[in-house]
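Letter by letter, the chains look like this.
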Amino acid sequence: MLAEDSVLLREGLVGLLARCGHEVVAAVGDGQALVAAVEEHDPDIVVTDVRMPPGFQDEGLRAAVRLRESRPALPVLVLSQYVQRTYAAELLDSGDGTGVGYLLKDRVGQVEEFVAALHEVADSGTVVDPEVVRQLLRRRRDPLEQLTPREREVLALIAEGRSNGAIARELVVSEAAIGKHVGNILTKLDLPPTDRSHRRVLAVLAYLRA
């Protein structure tokens with residue numbers, strides 16, 4: 001099962017996998033279609049991108065996590081340009097931690113390397129690009145290390161329950177400036193827009209944990 005929103009890359013992967021002796025039972029372009037196709041075809045392994053329609057944020061990765069929740073033994077290999085830290089750790093921890101992988105497209109140097117990773121994950125192994133590991137460890141070490149002193153100050157005031165307007169008055173700056181700081185904080189903490197959670201609350205939780 002293949003999920004990739006880029007038509008050219010999707011068709012290229014279908015052809016590549018077919019030449020390597022694999023049958024692609026379905027190739028889809030978004031996370032919702034991926035979940036539906038897995039229910040219909042019950043594949044041996046899923047290969048999915050991270051950012052897909054409609055929001056191009058983490059739809060593919062969230063779909064993979066959802067699938068692993070209902071099918072812990074389903075092998076999943078993420079193939080993406082991005083390390084989406086919000087759900088990457090959750091995916092790698094899903095099931096019993098086996099039959100899962102996360103590769104970065106730009107760092108796959110040989111076709112044989114990709115095919116070997118596919119076989120490893122399908123055989124209940126775990127394959128993770130070292131860059132993915134590095135970013136996950138950095139996030140777990142201190143999620144606030146990327147924030148500037150001013151952004152930390154703004155986050156501390158958010159943790160006190162202050163609105164943007166109240167923070168602006170406290171720091172004697174414009175509300176627009178505070179809005180920009182808040183946006184930077186959410187971006188640096190890897191909290192993209194989602195309909196599943198309140199990002200300011202998640203930012204406060206990260207602040208309190210640190």
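By the naming in an unreviewed UniProt entry, the protein chain goes by Response regulator transcription factor and is assigned to Actinacidiphila cocklensis.

The next thing to look at is the nonpolar core. Among the nonpolar cores identified, the biggest contains 30 residues, and Leu34, Leu61, Leu91 and Tyr102 are the most heavily contacted of them. When contributions to this core are tallied by element, the ones reaching two or more residues are α2 (31-41), α3 (59-70), β4 (76-80), α4 (85-92), β5 (100-104) and α6 (130-141). Beyond its immediate stretch of four places on either side in the chain, leucine 61 contacts Asp49, Val50, Val78, Gln84, Tyr87, Ala88, Leu91 and Tyr102.

As a further point, take the sheet that holds β4. Pairing is parallel across the open sheet formed by six strands, whose spatial order is β2-β1-β3-β4-β5-β6. Of all strands in the sheet, those with a lone pairing partner are β2 (27-28) and β6 (126-128), marking the two edges. Its contacts with the sheet place α3 against β3 (46-48), β4 and β5, and it is angled at close to 175° to β4. Each of β4, β5 and β6 touches α4; the most contacted strand, β5, lies at about 145° to it.

This brings us to the UniProt feature "modified residue: 4-aspartylphosphate" (unreviewed entry) in the protein chain. Cross-referencing UniProt, the feature "modified residue: 4-aspartylphosphate" (unreviewed entry) maps to Asp49 in the present numbering. Here aspartate 49 lies in the loop between β3 and α3. When residues no more than four places from it in sequence are discounted, the contact partners of aspartate 49 are Ala3, Glu4, Asp5, Gly60, Leu61, Leu79, Ser80 and Lys105. Polar side-chain contacts of aspartate 49 include one of 3.3 Å to the side chain of serine 80.

Definitions and cut-offs
- Residues numbered from 1 in each chain as written.
- Predicted model: local features only at pLDDT ≥ 70, side-chain atom pairs only at ≥ 80, totals over all residues.
- Heavy atoms only, no water.
- Core = buried A, V, L, I, M, F, W, Y, C linked by side-chain atoms within 4.5 Å.
- Buried < 20%, exposed > 50% of the residue type's maximum accessible area, 1.4 Å probe, protein only.
- Helix = DSSP H or I, 4+ residues; strand = E, 2+ residues; numbered from the N terminus.
- Contact = heavy atoms within 4.5 Å.
- Pairing = 2+ DSSP bridges.
- Axes fitted to C-alpha atoms, helices over the stretch in contact; angles between N-to-C directions.
- UniProt positions renumbered as here; feature names shortened; annotations may be inferred.
- Polar contact = N/O pair within 3.5 Å; in protein donor to acceptor, adjacent residues only side chain to side chain.

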